[in-house]
Amino acid sequence: MPIDVVAEVLANARLSPDYNVVTLGAPDIARLAKPGQFVMIRPAIGLDPLLRRPFSIFEIARDGQGTTTGVTLLNKHVGFATTLLYDAQVGDRWSVLGPLGQPFVPVDPPSEAWMIAGGVGLAPFATLAEALAGRKTPMTLFYGGRSARDLYYESFFQDLGARLVVSTDDGSRGEAGRVTGPLERALGTAPPDQPITLYACGPTPMMRRVAALGAETGRPVFVSLEPVMGCGMGGCYSCVVRVRRGAGSHYVRSCLEGPVFDATTVVWQALGGH
């Protein structure tokens, strides 16, 4: 069951004028969290915004002795709530509900894990990478953004043993172009019998393309979807996603049956995007 706590802001690391990482003192939530799960948050004081906002759990925060102290959130301020989080001060208090949702399931060797992240789609992969490192699973992070200004935390993944493949739309870091380009080439040269599981989070067109590449090469793909969520508990039905079940399809609540889905079950046309 999720826990509802009032968490103190322990740190706010501003990575750029757009991105920051906030540490919230929520150790009970952190101890329960699994890779890919999320929390619903809002300031503990005031009614604006009225509804909580969903954020993937980025890291499990620990002190110098290794004791779990809370969770971190990777944030890009693009609207009112994300700007509040960007401007959060140490000592502020936020209402935090979690952990919520269905997680990623880390694979074990000899399988490899390839993570494909676009922009803030990096968020669910820090905890997944830690879990994979604990299993000694070989892992690669394909990390893409519009420009170098959208890429952070490469060393975090490298320190865990991940191979890093970077691309940017404008070529300001790594290869110029979409992150699915180097992914497609890597899949094309991988031995057909090499077990590889793909994990993706980011813009819908990127995840749709990863799903197609997985189907073409016979590799399983799991995606973390990011629909609008009003409550995170299945009560408001704002986050429905259309999935295939048996001979037909129907809508499910992403906050309960996701945000992680087997990509083969997702009706991608119903998600929009280009």
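Residues numbered from 1 in each chain as written. Predicted model: local features only at pLDDT ≥ 70, side-chain atom pairs only at ≥ 80, totals over all residues. Heavy atoms only, no water.

Enquirer: Talk me through the pairing of strand β14 (residues 240-245); I want residue IDs and the actual numbers.
Expert: On any regular strand, side chains alternate: one points to one face of the sheet, the next to the other face. Where β14 and strand β15 (residues 248-253) come together, six bridges link them in antiparallel fashion. Residue pairing in the sheet places valine 241 in a bridge with valine 252 of β15. Count of turn residues in the β14/β15 antiparallel hairpin: two residues, of which glycine 246 carries a positive phi of about 65 degrees. (Pairing = 2+ DSSP bridges. Helix = DSSP H or I, 4+ residues; strand = E, 2+ residues; numbered from the N terminus.)

Enquirer: Lay out helix α5 (residues 180-189) in plain terms, naming residues and giving numbers.
Expert: Residues Thr180, Pro182, Leu183, Ala186 and Leu187 constitute the buried set of α5. For α5, the buried positions fall inside an angular range of 160 degrees around the axis, keeping them on one side. Relative to its buried face, α5 has exposed residues pointing more than 90 degrees away, namely Gly188 and Thr189. Its buried side turned inward, α5 meets β8 (112-118), β9 (139-145), β10 (163-168), β11 (175-176), β12 (196-201) and α6 (204-217). (Buried < 20%, exposed > 50% of the residue type's maximum accessible area, 1.4 Å probe, protein only. Arc of directions from axis to C-beta. Contact = heavy atoms within 4.5 Å.)

Enquirer: Before we move on, can you summarise the sheet that holds β10 with the specific residues and values?
Expert: The seven strands lie next to each other as β11-β10-β9-β8-β12-β13-β16, forming an open sheet whose pairing is mixed. What marks the edges here is a single partner per strand, and that holds for β11 and β16 (260-262). Bridge analysis of β8 against β12 gives six bridges, and the strand direction is parallel. The partner of tryptophan 114 across the bridge, within β12, is leucine 198. Set on the sheet, helix α3 (residues 125-135) makes contact with β8, β9 and β12; between it and β8 the angle comes to about 165 degrees. The sheet strands contacting α5 are β8, β9, β10, β11 and β12, and the helix crosses β8 at an angle near 165 degrees. (Axes fitted to C-alpha atoms, helices over the stretch in contact; angles between N-to-C directions.)

Enquirer: Which residues make up the sheet that holds strand β2 (residues 19-24), and what values go with them?
Expert: Pairing is antiparallel in the open sheet, where seven strands are placed in the order β4-β3-β7-β1-β2-β6-β5. Taken across any chain shown, the strands that pair with only one partner, and hence form the sheet edges, are β4 (53-56) and β5 (60-62). Across the sheet, the mean angle separating the axes of adjacent strands is 40 degrees when strand polarity is ignored. Bridge count for strand β3 (residues 38-43) against β4 is four bridges, and the pairing is antiparallel. Counted as the bridge partner of valine 39 is phenylalanine 55 from β4.

Enquirer: A description of the side chain of aspartate 150 should follow, citing residues and the corresponding values.
Expert: Mapped onto the elements of the fold, aspartate 150 is located in the loop between β9 and α4 (154-159). Looking at aspartate 150, its side chain comes within polar contact range of the side chain of tyrosine 19, at 2.8 Å. Here aspartate 150 is in contact with Tyr19, Lys76, Gly119, Tyr143 and Gly145, once residues within four sequence places are set aside. (Polar contact = N/O pair within 3.5 Å; in protein donor to acceptor, adjacent residues only side chain to side chain.)

Enquirer: With reference to specific residues and values, describe the side chain of serine 111.
Expert: Here serine 111 shows up in the loop between β7 (93-100) and β8. There is a polar contact of 3.5 Å between the side chain of serine 111 and the backbone oxygen of proline 195. Look past the residues within four positions of serine 111 in its chain and what remains in contact with it is Thr137, Pro138, Gln194, Pro195, Ile196 and Thr197.

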